[in-house]
Structures are given as structure tokens and as C-alpha cells.
Amino acid sequence: MNEKMKQQQVDQNEIRTHQVFILTGLLIGFVTDRWEWVAVQAVVFLLTVLLPTLGPYVLVYTKVLKPLGLLKPDIRVDVPQAHRFAMSIGLLVTGYSSYLLYSGNTVLGWSLVWLVLILGAIALAGWCAGCFTYYMLNRMGLGGFFKYGAISGIFPGARPGK
């Protein structure tokens, strides 16, 4: 692990909180058959990708859940760029599914929502497909945003241990 990697840390409970709220919003959208719920989750993804510390669900975690002691920080050495990339993919898929649902293409729209739900549940359990993709792009030699590789000894995309 290089020196720069040692300095990067991520609060895993912040990520889990975001995941739980996103999954809940998408499920509510599906159950109520309202594309607007999916669109709101796309906007949340957008805000969180653009302003990671000011994402709506991040703020719920940092300003409400943590101060009330309902959740405690779970800080681990990790690559925040991988999570941001995963959220960018979530943004693209939920944004497109919102459009599809709005325009009446419900089968494909809800199928994409269920793809996000399934991959989000897997991520909540400890393995992130978006993070895995980020690390594979890093292995292909992409620099810039993709300059950070997976933490040594951890399967790419898996939640790092304490």
C-alpha cells in the first residue's frame, strides 16, 4: 500500500446509510408505481457525486444519526473515488430509468430499478460492483480519477476490514 493510499479513509457507515436510503426510496417508487421516487434518488445521487459531503443522505447521517448516537463512525482505509464512481453509475442508471418510466417504458424502467436494488443490496452486504469496476479500470492502466488501486489483500470491490 503506497503512502497516498494510507491517508485515504472512508466512513463505511456513511456509505451504508446512503445505500439504505437509496434502496428504500427505490422500493417505495416500485411499490407505489411512481417514477418520481426514482427521479428523486437520481437527484440524490447527482448531489452526492458533485458534493460528497453535502449529499442529502450524507447530511442525514452526519447531522442527525451520528449526533444522536444512533450510528457511530466506522472509519476504514479505503478509496473514496471508487465509491464516488459507483454512485456515478447509480446516477446514470436511475436517471435513465426515471426517463424510461416517465415516458411509459415501464418494463425496462423498472428492470433497471431492480438492477440497482439488487446491486445495492449486494453492496450493502459488503461487495460493490461499481467499486469493482473502478478497480478493474485502474488495473487497465487508466490514470487520473482511476489512479487508486484496490487495497492490498482485499478482493476488489469488497468492504475493507477494520
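Scroll up for the structure.
Computed from a prediction, not measured in an experiment: that's the story for all the values here.

### Observations concerning the pattern of salt bridges
Two side chains of opposite charge can pair, provided their charged atoms sit close to one another.
So, step 1. Here the structure, examined in full by the defined rule, presents 3 salt bridges.
So, step 2. Put simply, Arg16 and Asp74 hold a salt bridge, and the shortest N to O gap is 3.1 Å. Taken as a pair, Arg16 in helix α2 (residues 12-32) and Asp74 in the loop between α4 (56-65) and β2 (75-77) lie far apart in primary sequence, 58 residues in all. Grouping residues by exposure puts Arg16 and Asp74 together as buried.
So, step 3. Put simply, Arg34 and Glu36 hold a salt bridge, and the shortest N to O gap is 2.8 Å.
So, step 4. In this structure Arg34 comes out as partly exposed when scored by relative accessible area, which is 41%.
So, step 5. Judged by relative accessible area, which is 28%, Glu36 ranks as partly exposed.

### Quick word on a nonpolar patch on the surface
So, step 1. A cluster of nonpolar side chains, Leu27, Phe30, Val31, Trp114, Leu115, Ile118, Leu119 and Ile122, forms an exposed patch at the surface whose accessible area comes to about 690 Å².
So, step 2. Of all elements in the fold, only α2 and α6 (106-125) reach the threshold of two or more residues within the nonpolar patch.
So, step 3. As for its position among the elements, Trp114 is in helix α6.
So, step 4. For Trp114, a relative accessible area of 33% puts it in the partly exposed group.

### Structural notes on helix α5 (residues 80-102)
So, step 1. With 23 residues, α5 extends 32 Å between its outermost C-alpha atoms, agreeing within 8% with the 33 Å of an ideal straight helix rising 1.5 Å per residue.
So, step 2. Backbone geometry just downstream of α5 places Gly104 in the positive-phi region, at approximately 95°.

### Re the nonpolar core
So, step 1. Ranked by internal contacts, the top residues of the largest apolar core, which has 18 residues, are Ile22, Leu26, Val38 and Val113.
So, step 2. Going through the elements one at a time, α2, α3 (35-50), α5 and α6 are the ones with two or more residues in this core.
So, step 3. With residues up to four places along the chain from it excluded, the contact list for Val38 reads Leu26, Thr94, Ser97, Ser98, Leu101, Trp110 and Val113.

Criteria and cut-off values
Residues numbered from 1 in each chain as written. Predicted model: local features only at pLDDT ≥ 70, side-chain atom pairs only at ≥ 80, totals over all residues. Heavy atoms only, no water. Salt bridge = Lys/Arg side-chain N within 4 Å of Asp/Glu carboxyl O. Helix = DSSP H or I, 4+ residues; strand = E, 2+ residues; numbered from the N terminus. Buried < 20%, exposed > 50% of the residue type's maximum accessible area, 1.4 Å probe, protein only. Patch = residues over 30% accessible without salt bridge, like charges linked within 9 Å, V, L, I, M, F, W, Y side chains within 5 Å. Areas by Shrake-Rupley, 256 points an atom, 1.4 Å probe, with all protein chains shown as cover. Expected span 1.5 Å × (residues − 1). Core = buried A, V, L, I, M, F, W, Y, C linked by side-chain atoms within 4.5 Å. Contact = heavy atoms within 4.5 Å.

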